[in-house]
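# Examining the three-dimensional arrangement
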Amino acid sequence: MSNFLQLRNIYKSFVGVRALKGVDFSVRAGEVHCLVGENGSGKSTLIKIISGVQPADSGELLIDGVGITHATPNEMIHRGIQVIYQDLSLLPNLSVAENIAISQIAMIGRKLIRWSEIRAIARAAMARVKIDIDLDKIVGDLPVGLQQMVAICRAFTSDLKLLVLDEPTSSLTKAEIDNLLKVVRDMQANGIAVLFISHKLNEVLAIADRVTGLRDGCTVGTVPRAETNLEKLTEMITGKAVVHTRFHLPAQPRKKLLEVRNLSKKHNFADISFDLYEGEILGIAGLIGAGRTELALALFGISPADSGTITVDGQERRIGSVQDAVEAGFAYVPENRLTQGLVLKRSVGDNIAMAMIDKCANAWGMIDRGRRTGLIDTWVRSLAIKVANADVAVQTLSGGNQQRVVIGKWLATEPKVLILDGPTVGVDIAAKSSIHQIVRDYAARGTGVILISDEVPEVAINSNRVLIMRNGRLRSEVNAEAVGTDEIQRMVEIG
Amino acid sequence: MSGPVSAHSGSLGGYAVKALLKRNEFYLAVLILVLCMLITAINPAFLSPQNILGFLKTASVNGIMAVGVLFVLILGGTPDLSFTAIAQVVEYVVVLITLAFGGNIVIALLLACLMGAAMGAVNGFVIHYFRVTTIIVSIATANLYYGMLYVLTGGSVIFIVHPMFKRFAEFQLVSFADAAGGTWGISLIPLMWLATLVLGWFILTRTFLGRAIFAMGGNEIAAQRIGINTLWVRVFVFAFVGLLSGVAAIAHTTIVLSAIPNSIVGKELEIIAAVVLGGASLFGGKGTITGTFLGVLLFAILRNGLVLLNISSYWYDVSVGIAITAGISISAWQQLKAQRARVNVNVEEAAAQ
Amino acid sequence: MIRIPRKPGAAVDGPLYVILVAIIILMTILNPGRFATMSNIESMLYQLPVLAFLSIGMMVTMLSGGINLAIVSTANFTGIVTALMLKLMTDGDSASASATITIIAMAVGFAGCLLVGAFMGYLVAYLEVPAILATLGVMMLLDGINVVLTGGYTLSDFPDSLMAIGNDSVFGLPIPFVMLVVVIALMSVLLSRMPFGFKLYMLGSNPVSARFSNINAYKVLMGSYILSAAFSGLTGIVMMGQFNSVKANYAQSYVLVTVLACFLGRVDPFGGAGRLSSMVTGVVILQVISSGLNLMRADPFFVTAMWGAIILVLIVFTHFESWFGELRRMAKATAVNSEHGNGGPGKDRPRPID
C-alpha cells in the first residue's frame, strides 16, 4: 500500500513553546492508523497542521507524494482530508442540510447559493453513510447522537481520502463508533484511510492497523497492531511501565450512608434505587446516554429529580438546589473539569475555597484570611498539588493537578458522599493512578464514593460494586471484586 | 418574504403549522393586527392610505438602520451602538458637501454609502484585530465620530438643504388627488426601505456570504474550520451597517429637510429593541428580515396610534418599554421551559428485569 | 484582553496612576493658574461623586458578567419619586418640607430604586434574560415612566435639608465627596473581604463552575442588581441636592461614560475581573480630563470625542501589553519545564469574540 499522507520532520512552536519537535509519520491509503499520546504531546497541534488550520514552521507535508507548501482548510478538504473534531464543530443554528453541505460549498467557492444544490449535496452524503435525517431540522435541536451523524455526513461530502477522527469517543457512543468504522471499512476498498486520535488505549487496540505514539512533540515510533499490547502502548507514550491494583473493600460492619429509592426524572432516568455504605466505592457504568450523569446531577441538586426519596445518614433529604445537596453532605466532581469544575482564570486558592467560602467568614461577615489560607494550604499539601504557591491561576496547571484542585475543593467540605464523574478525563496516565489513590484513601476514611466513568476499566478496577445503567434505568449490580473487567465491559455494552 | 432559517423548508401541513406557531414573527404579526384593529376601532383614520404611507415613510429611517442591526446581531454577540452616530455624521457632511458643490441625489447617496461603509469598516477591523467586544468598540467610535462632528461644525443646525432633497421627497411614484385638493402618493422613501429589506434578505438567504454570517454567529470556530474568512465577513457586516446608516441618513434628510446634529443619535437602543423583538438573538446566529420589519413596524404603529388616539406622546416610551420587557421575558420563559423539557435520555418505559 | 491581577496593591494600578499624574500635569500646563486652584479642585470634588457612584453601580453588574444600562434612568426615577413624594406630602410646597418628611420621601424613592434593581435581578437571574436586554428594556420602561411622572417638566424647589446633601461640606470637604469616600471603603470591604464579593467574581468568571461549586447564582445576581440600583438611588438623591431639580432625562450620556470608566479601570466586560481601586482611578482620570477641558473652554463634545479616542488608544495599548505579557510568560514557561499548562481540549483554539 502506498502512503497517502506523509509528514517529515515537522516542527511547530507557539510563541516560544515548541509543540512539535520533528514529527515523522505516514498514513497509508486504506488503513486505520491510530495516533496516541498524552496531553501536551502535540496531538492537537498535529491535527491543526494536517487540516490546514495552522501551518508548520518547518518540515514537509506530502499528500500522494506531492509536497504541500501552503496548506489551508480549503486546500486540504480539496485533497480529500476531512476532520471530525472532538466538539463536532457544527453550526447549531443552521439546518442539517446546510451543516452537511457548507464546507463543500465553501470549497467550490460559490458566491450565490442554491438551496436545491445544498440539499442534493446533503442527500448524497447521507446516502454514502447510509443514514437518514430530516434535512430541515435545526442541528441544535437534534439529540447529540444525531448531531454526531451530521458531523460524519459532512466529512463524507467530498472526494474523501483521509478521515481524521479527533478523540471521537469523547462524544460518540461505542455503537456509533462501530457504525462509523463499519462505514469506513466498507469504503476501504476505495482506499480511504482513517487517522484515529485517542488516549483510550483499549479502543485503539480494538480498531487499529498501525499505531504511532507521540511523546513531548516527538514521534516515539510506529508499530503494527499485531506487535503491541496495552502494556507496551502505555510504556510507549508514558516512557514508563504502570501497574494497576484492584480496589478491595475490607469486610467489616458498615454504616449505610445513602439510600436512594425510586428516584425518577422525566426524560432523564426512572426508578433508581440503591444504597451506599461508608468506605465503599460504588461504580456506575453505562454507555453515553444511559443517564449516569443525569442521575448525579439530580443527587447534587443541579437538575433535581421529579420523584423518589434520598436519605442521607438516616435522614430523608429534599434536594432542590446545590445548596441543599451540600447541606446534606454531597459533593460532586463534575464531568467537565474546564467548564464545570474550575474557574480557570482564578487562583488555585480561590478554586479550593470556593465551596466553603461562607464557612470562612467571621462574626462580622468578613472572610477570615487565616482560616481561608489554612484551608487552602491543607488541601494543597494533602493532595500534593504541584504549584509554586496558591495564588497561581489554575489554568496554568496540568490536567492532573487541576483535577486535584477540584477534588480538594470538595474534600474540604468534608462530604459524606463524594460523587466523581469522569475524574480522570484528560489526565495523564501516571497522574490517573495517583488520583485513584486519593479517592481510595478518602474512601478508607469513611467517605462513601460514587464513581462514574466512560472508561469501564476505570470503574471496574476502582470500585467494589458496580451498578450498570442503560436507557435511564439501573439494570444490574456487579461485585467488581469478583467479576473481571472484560465481563463488566460486556455487560455495559449489552446492558 | 420568508425568514432565512426556514427559507428552504419544504414540507407542508401540520409540521408547517407547528413551525409557524414556534416563530416569533407569527406572534408579532398577531400583536400588530390586534393593535391595528384596536386603533382603527377608535379612530378609523388609521387605516387611510395617507396615514399608512405617512407612518411607513417616517419609519423608513429606523427601518433601514434596523436591517444593519440585524446583520450585526446575527454575526453574534453584543449589538453595535455606533450606527446612529455614523448616520448623523454622514447626514451632516453630505448636506454640507451638496450645499457647497451641488450634485444630484445619486451622487449624494453614493457619497453617503461610501462614508458610512468606511466608518463602519473601522469597527470591524478593530473588533477583529484587537478582539474587543463590539459594545466597547462601538461606544468608542460613536463618541469619536459624533464628538468630532460637533467640534468641527460647532453643532449648528442647517435649516436649508440643497433643493434636490426636497424634489426627491416630493417625487411620487403614483399620485392621487385628495379631498382637500392636494395630492398624496407613494414616495420613494418607503421604497428605499423596501429595497434595503430585499437586499438584506437576498444577502442572508441567497449568498454564501449571508450563510457565512449565520455560521459565524452559530459557532465562530467551526466557521473558521470550514474555511470561512472570518475577517472579511466581519468587516463586511460592519461596513454594511455603516452603508445602511448612510442610506438612512439620506432618507432622513429628505424627510426633515434640514441637518440637526442630534436628530438621529439616541435612537440606537430603540432600533436594537425592535430588532430583538423581531426575534434576533443576542447570542448570535438567529434573526430574520421579516421579524426585523415587523419589529420596526410595531413601534411605528404604536407611535402613530398614540397620536391618532390623542394620547400624550409621553406614553410612547412607556409602551415601548413594556413591549420590549414583556417580549424578552416571554421568550426567555419559553426558552427555559423548553430547556427543562429537553430529552436527555431515552428512558425505557418499564424496567425489563 | 484583561489580565488577572495576581498581586494586590499599587503594582497593578501603576500604569493608571502614571496616566493620572501625566494628565494632571498636562492639564495644569494647559490651564496656567486655573487648574491647580482650590476652587477648581473643590468643583471637581463636587462633580466626581455622581460619576463615581454610577460607575461603581455599573461595575458591580459587570463583575457578574452583566451590564446595567438602566443605571441613569434608575437614578432619575429615584429623584422623581422622591420629588413627587415631597410634593404630595407638603401639598405642593416642596421647599417647606420638614426633615422627617424629606427622609420619608427619600426612603420611598430609595425603595423604588431597590424595587427596580430586584426586577432587573429577577429577569437576569431567574428568567435568564441576557443582562444587556433586560436592563435595556427596564431603561426604556423607566424613561417612559419618568416622562409620564414628570409630564416632561423639570421638578424643582427642594427643602434645604435635601440641598445640603448636594452642596454643604463637612471638615471642609463636600458632603457628596465624603459619602464617596465612605462608599468606596465599604465597597472595597464588600468586594475583596466578604463572601458576596468573592462569589461575585467567581460567578462572573465562570457562572457554570460557580453554580457547581455551591454558589447560589440567583442570590448573587439578585444582590448585584439590587446593589447596582442602590448606587443609582444614591446618585439620584445627590443629583437632586446638587441641581435642586429633577428631570426625566438628566445625565443620560453618563450611561456610556460609566462603561468607559469601567473599561479604563480594566473591569472585564465579560465579568469576573476588575479592581475597585483601578475603576475609581479611571473615574478620577475622566473627571480630570473633563474638568481640564472645561477650563480650556473646550467644546463639551470635544470631551465626548476624547473619550472615544481614549478607549481606542486603550484597546490598542492593552492588546500589545497582553501580547508582550504572553511572550514573557511563554518564555518563562519553557525555561522552567516542558510540562506547561494543559488546558485540555480547545486550549489554543482561536478565541471567539463576544
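The numbering scheme is per chain: residues are counted from 1 as the chain's sequence reads. All chains are assigned letters beginning with A, and all ligands numbers beginning with 1, in the order in which they are written. For a predicted model such as this one, the threshold for reporting local features is a pLDDT of at least 70, and the threshold for listing and counting side-chain atom pairs is 80 or more; totals across whole chains, interfaces and linings nevertheless cover every residue. Hydrogen atoms and water are omitted, and side-chain values are computed over all heavy atoms in the structure.

Okay, the overall build of chain B next. Helix numbers and strand numbers start at the N terminus; a helix is a DSSP run of H or I with at least 4 residues, a strand a run of E with at least 2. Each helix and strand in chain B was counted, giving 14 helices and two strands. We compute the radius of gyration over the C-alpha atoms and compare it with the globule rule, which gives 2.2 Å times the number of residues raised to the power 0.38. In terms of overall dimensions, chain B is globule-like: its C-alpha atoms have a radius of gyration of 22 Å, near the 20 Å expected for 353 residues. When its C-alpha atoms are laid out on the principal axes, chain B stretches across 90 × 55 × 35 Å. Working rule for contacts: check all heavy atoms of both residues, and any pair within 4.5 Å makes them a contact. Counting only contacts in chain B whose residues sit at least 6 apart along the sequence, the fraction spanning at least 24 positions is 78%. For chain B, the computed accessible surface area is about 14,400 Å², with 69% contributed by carbon and sulfur atoms. Residue burial considers only the protein chains on display, and all accessible areas are found by Shrake-Rupley using a 1.4 Å probe.

Take the interface of chain A and chain B next. Counting residues at the interface gives 41 residues for chain A, matched by 37 residues for chain B. When the two sides are added together, the surface that chain A and chain B hide from each other amounts to roughly 3,200 Å², 55% of it contributed by carbon and sulfur. The salt bridge criterion pairs a side-chain nitrogen of Lys or Arg with a carboxyl oxygen of Asp or Glu, the two atoms within 4 Å. Counting every contact that joins chain A to chain B gives one salt bridge. The closest approach of N and O atoms between Glu98(A) and Arg211(B), which form a salt bridge, is 2.5 Å. Buried area is understood as the total, over both parts, of accessible area removed when two parts are fitted together, assessed with a 1.4 Å probe.

Moving on to the confidence of the model for chain C. Residues and elements named next belong to chain C. Across chain C, the average pLDDT comes to 84, with 87% of residues at or above 70. The predictor attaches a confidence to each residue, called pLDDT, with possible values from 0 through 100. Every residue in residues 1–11 scores below 50 in pLDDT, and together they form 25 contacts with partners more than four places removed in sequence or on other chains. Counting contacts from residues 334–354, a segment whose pLDDT is below 50, to residues more than four positions away or on other chains yields 48 contacts. If you check the scores for this complex, the pTM reads 0.86 and the ipTM reads 0.83.

With that settled, the discussion passes to the packing of helix H3 (residues 96–108) of chain A against helix H4 (residues 115–129) of chain A. Residue and element names in this part refer to chain A. Viewed as axis vectors pointing N to C, H3 and H4 meet at an angle of 105°, and their least axial separation amounts to 8 Å. On the basis of their axis angle, the class for H3 and H4 is roughly perpendicular. Facing H3, whose interface residues are Val96, Ala97, Glu98, Ile100, Ala101, Gln104, Ile105 and Ile108, H4 presents Trp115, Glu117, Ile118, Ile121, Ala122, Ala125 and Met126. Across the contact of H3 with H4, the residue classes break down as 12 nonpolar, one polar and two charged. Interaxial angle, 0 to 180 degrees, is taken between N-to-C directions of lines fitted to C-alpha atoms, where a helix line uses only the stretch in contact. If an angle is under 35 degrees, it is roughly parallel; if it is over 145, roughly antiparallel; if it lies from 65 to 115, roughly perpendicular; otherwise it is oblique. As a working rule, the residues Ala, Val, Leu, Ile, Met, Phe, Trp, Tyr, Cys and Pro are called nonpolar, Asp, Glu, Lys and Arg charged, and the rest polar, with Gly in that last group.

Attention now moves to empty space enclosed by the protein. Cavities and pockets were defined on a 1 Å grid built from protein atoms only: a cavity is a group of points that admits a 1.4 Å probe but offers it no way out, a pocket is an open group of points flanked by protein on both sides within 12 Å along at least five of seven lines, and a lining residue is one with an atom within 4 Å of any such point. Grid points are joined across faces, edges and corners, and a volume is the space filled by probe spheres set on the points. Applying the stated criterion to the full structure yields five cavities of 30 Å³ or more. Each pocket or cavity is described by its volume, and for the largest cavity that value is around 240 Å³. Lining the largest cavity are 19 residues, and of these Ile77(A), Gln82(A), Val83(A), Tyr85(A) and Arg225(B) sit closest to its centre. Ranked by the residues each element gives to the lining of the largest cavity, the list is headed by strand E6 (residues 81–84) of chain A, at four residues. For the lining of the largest cavity, the class distribution of residues is 13 nonpolar, four polar and two charged. Surrounding the second largest cavity, Pro79(B), Leu81(B), Ile135(B), Leu269(B), Ile272(B), Leu282(B), Leu69(C), Ile132(C) and Leu136(C) form its lining. Looking at the lining of the second largest cavity, the elements with two or more residues in it are helix H12 (268–277) of chain B together with helix H5 (131–150) of chain C.

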